[in-house]
Amino acid sequence: MVDMKNDRKHGPPIIAALIGALMIFAGPCQAQTQDANSAISSQPELVIGTKEAPPFAMKAADGNWQGISIDLWRRIADELHLRYRFAEEAGVQGLIDGVATGKFDIAAAAITVTAERARILDFTQPFYATGLGIAVPVGGEPSWEPIIRTVTSFGFAQAIMALVGLALVVGFLVWLFERRHNEDFGGSAIKGLSAGVWWSAVAMTQRHTGDLSPRTLSGRIVAIVWMIASIVTIAVFTASITSVLTIKHLQGEVHGVSDLSAARVGAVTGTSTEDALSRLRIPYRKFSTPQDGLKALRTHSLDAFVYDRPLLAWIIQQGFSSSIELIDPTFGSEEYAFVLPSNSPLRKALDVAILDAIHSDWWGQTTFRYLGSR
């Protein structure tokens, strides 16, 4: 039989030993957690740099800030029991420089994560992913300017030269076959060639050729082939030009990223949009604010304006919806995050809090409230 007395005798020391071992292992973990919480709670009042970047950061008439980034920061700060105050800056570069020099403890707006900025600063976990949007005038330019640019373009000149080249080749062949058998194409080489080219051009445009007509079998074969081919050639040429002119007149110069290289493009100076356009080798005109660029677009000084899509959509909705629209393509990859000084002790706690927030129902409700359906 099992000695129950001995089991009861040795049981308490064993349990006590197990409890002691657990306390030994749990001690450092608990100490680390307490140290992290202590580091956060001991932080002085943080200065949060921000700027107007609707709908991510907006300043109300009473001086209070709101927006997607601001609401996220308030939620995180309340969770971590952080004391803070907001300080306004004019531009994104001012926020970056402010964090780098210690003027701001954190920057919160619509700040894009880039490699250049990451070399001198730290970013938190990104909380919003987007891309660049393209704004164009509604309905294209109400003028003949896009049509004039089309008919004076290099591509249009190439098409005309191709037709002229075909007419010259056919005119030469007709003269070559008819010069000794048809007095209409006889005489000197200049007279015969000019008659051949004239007949070719008239036949290509389906006009009456008058008394000029090939008489030899070879000349008539060339004429038949040319008349049939010219019908197809002129039809294709006319349809292509009509299609291009209609699209440009109704939709404007730009209806995709590939059209930007040949268009008059605007961008906000000091933003990541400049880097994206430079990588694509797209020339652009600089503006200090997106509103200035959209005003130039509205007066048709630009063909397109490129900026972060959610910011661009918000600005257009607020003041330019009747004259400017966003086209569907979005290009580039943009991620928004909070900016911290290098090796900030807050980074780990902020990353965890951001991940908790953006994977919650609260985040979906917040982004829908400011942006609607994405």
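Here the structure is a predicted model, which is why all the values come from computation and not from measurement.

1. What about the overall build of the protein chain?
Here comes step 1: In terms of helices and strands, the protein chain carries 13 helices and 13 strands.
Here comes step 2: Sorting the 374 residues of the protein chain into buried and exposed places 41% on the buried side.
Here comes step 3: When the accessible surface of the protein chain is totalled, it reaches about 20600 Å², and 60% of it is carbon and sulfur.

2. A closer look at the packing of aromatic side chains
Here comes step 1: According to the stated counting rule, one finds 12 aromatic pairs in the structure shown.
Here comes step 2: Ring centres of F56 and Y128 lie 5.1 Å apart, and the angle between their planes is 75 degrees; this geometry places the pair in the edge-to-face category. Here F56 is found in the loop between strand 1 (46–50) and strand 2 (58–59), whereas its partner Y128 is found in strand 7 (residues 128–137), with 72 residues between them in sequence. With respect to burial, F56 and Y128 carry one shared label: buried.
Here comes step 3: A centroid spacing of 5.0 Å and a plane angle of 45 degrees characterise the contact between F127 and F338, whose relative ring orientation is tilted.

3. Concerning the confidence of the model for the protein chain
Here comes step 1: In this model, the protein chain carries an average pLDDT of 83, and 81% of its residues clear a pLDDT of 70 or more.
Here comes step 2: Note that residues 29–33 has pLDDT below 50 and, in this model, 0 contacts with residues that lie over four places away or in other chains.

4. Structural notes on the side chain of T271
Here comes step 1: Note on placement: T271 falls in the loop between strand 8 (265–268) and helix 9 (272–279).
Here comes step 2: You can call T271 buried: its relative accessible area is 14%.
Here comes step 3: Reaching out from T271, the side chain makes a polar contact with the backbone oxygen of V268 at a distance of 2.8 Å.

5. Some points on the packing of helix 2 (residues 68–80) against helix 12 (residues 347–358)
Here comes step 1: Where helix 2 meets helix 12, the closest approach of the two axes is 10 Å, and the angle between their N-to-C directions is 120 degrees. Classified by the angle between their axes, helix 2 and helix 12 sit oblique to one another. The interaxial crossing formed by helix 2 with helix 12 has right-handed handedness. Where helix 2 abuts helix 12, its residues L72, W73, R75, I76, E79 and L80 lie against A349, L350, A353, I354, D356 and A357.

6. Focus: a nonpolar patch on the surface
Here comes step 1: A cluster of nonpolar side chains, contributed by V169, F172, L173, L176, F177 and L193, occupies part of the molecular surface with about 440 Å² of accessible area.
Here comes step 2: For the nonpolar patch, the element with the highest residue contribution is helix 6 (residues 154–178), accounting for 5 residues.
Here comes step 3: Residue placement: L193 occurs in helix 7 (residues 189–204).

7. With respect to the pattern of salt bridges
Here comes step 1: Under the definition given, this model contains 9 salt bridges.
Here comes step 2: R264 is the partner of D303 in a salt bridge, and the nearest nitrogen-oxygen pair spans 2.9 Å. With D303 in the loop between helix 10 (290–298) and strand 10 (304–308) and R264 in the loop between helix 8 (217–251) and strand 8, the pair connects residues that are 39 residues apart, well separated along the chain.
Here comes step 3: Here D303 falls in the buried class, since its relative accessible area comes to 5%.
Here comes step 4: Judged by its relative accessible area of 29%, R264 is partly exposed.
Here comes step 5: Via salt bridges that share partners, D122, R347 and D351 belong to a single interconnected network.

8. Here we look at the nonpolar core
Here comes step 1: W73, F127, L294 and F305 are the most contacted members of the largest nonpolar core, which totals 63 residues.
Here comes step 2: For this core, the element with the most residues is helix 2, which contributes 7 residues.
Here comes step 3: Sequence-distant contacts of W73, defined by excluding residues within four places in its chain, comprise L46, I48, L82, Y84, F86, I106, F338 and L350.
Here comes step 4: Counting residues in hydrophobic clusters, the runner-up holds 15 residues, among them L132, V265, A276 and V306.

9. Concerning the pairing of strand 1
Here comes step 1: Within strand 1, 5 of the 5 residues are buried, leaving the element largely enclosed by the surrounding structure.
Here comes step 2: The two faces of strand 1 match: L46, I48 and T50 on one face and V47 and G49 on the other face are all buried.
Here comes step 3: Alignment of strand 1 against strand 4 (residues 84–88), held across 5 bridges, turns out to be parallel. Its bridge partner lying in strand 4, T50 is registered against E88.
Here comes step 4: Two strands pair when backbone bridges link them, and strand 1 and strand 5 (residues 106–107) are joined in this way by 2 bridges, in the parallel orientation. Across the sheet, G49 pairs through a bridge with A107, a residue of strand 5.

10. As for unusual backbone geometry
Here comes step 1: A cis geometry characterises the amide bond from P54 onward to P55, with omega recorded as 0 degrees.
Here comes step 2: Structurally, P55 can be placed in the loop between strand 1 and strand 2.
Here comes step 3: Of note, N343 is a non-glycine position whose phi angle comes to about 60 degrees, a positive value.

11. Structural notes on helix 6
Here comes step 1: Relative to the 36 Å expected for 25 residues at 1.5 Å per residue, helix 6 spans 36 Å between its end C-alpha atoms, a close match to the ideal helical length.
Here comes step 2: For helix 6, the full list of buried residues reads F156, L163, A167, V170, G171, V174, W175 and E178.

12. Quick look at the environment of V197
Here comes step 1: For V197, the location among the structural elements is in helix 7.
Here comes step 2: For V197, a relative accessible area of 24% corresponds to the partly exposed category.
Here comes step 3: Along the chain, V197 and V174 lie 23 residues apart, while their C-alpha atoms are 8.3 Å from each other.
Here comes step 4: In this structure V197 touches L168 and G171, once residues within four positions along its chain are discounted.

Cut-off values and rules
- Residues numbered from 1 in each chain as written.
- Predicted model: local features only at pLDDT ≥ 70, side-chain atom pairs only at ≥ 80, totals over all residues.
- Heavy atoms only, no water.
- Helix = DSSP H or I, 4+ residues; strand = E, 2+ residues; numbered from the N terminus.
- Buried < 20%, exposed > 50% of the residue type's maximum accessible area, 1.4 Å probe, protein only.
- Areas by Shrake-Rupley, 256 points an atom, 1.4 Å probe, with all protein chains shown as cover.
- Phe/Tyr/Trp six-rings, centres within 6.5 Å; stacked < 30°, edge-to-face > 60°.
- pLDDT = per-residue confidence, 0-100.
- Contact = heavy atoms within 4.5 Å.
- Polar contact = N/O pair within 3.5 Å; in protein donor to acceptor, adjacent residues only side chain to side chain.
- Axes fitted to C-alpha atoms, helices over the stretch in contact; angles between N-to-C directions.
- Parallel < 35°, antiparallel > 145°, perpendicular 65-115°, else oblique.
- Left-handed = near helix turned anticlockwise from the far one by under 90°.
- Patch = residues over 30% accessible without salt bridge, like charges linked within 9 Å, V, L, I, M, F, W, Y side chains within 5 Å.
- Salt bridge = Lys/Arg side-chain N within 4 Å of Asp/Glu carboxyl O.
- Core = buried A, V, L, I, M, F, W, Y, C linked by side-chain atoms within 4.5 Å.
- Pairing = 2+ DSSP bridges.
- Expected span 1.5 Å × (residues − 1).

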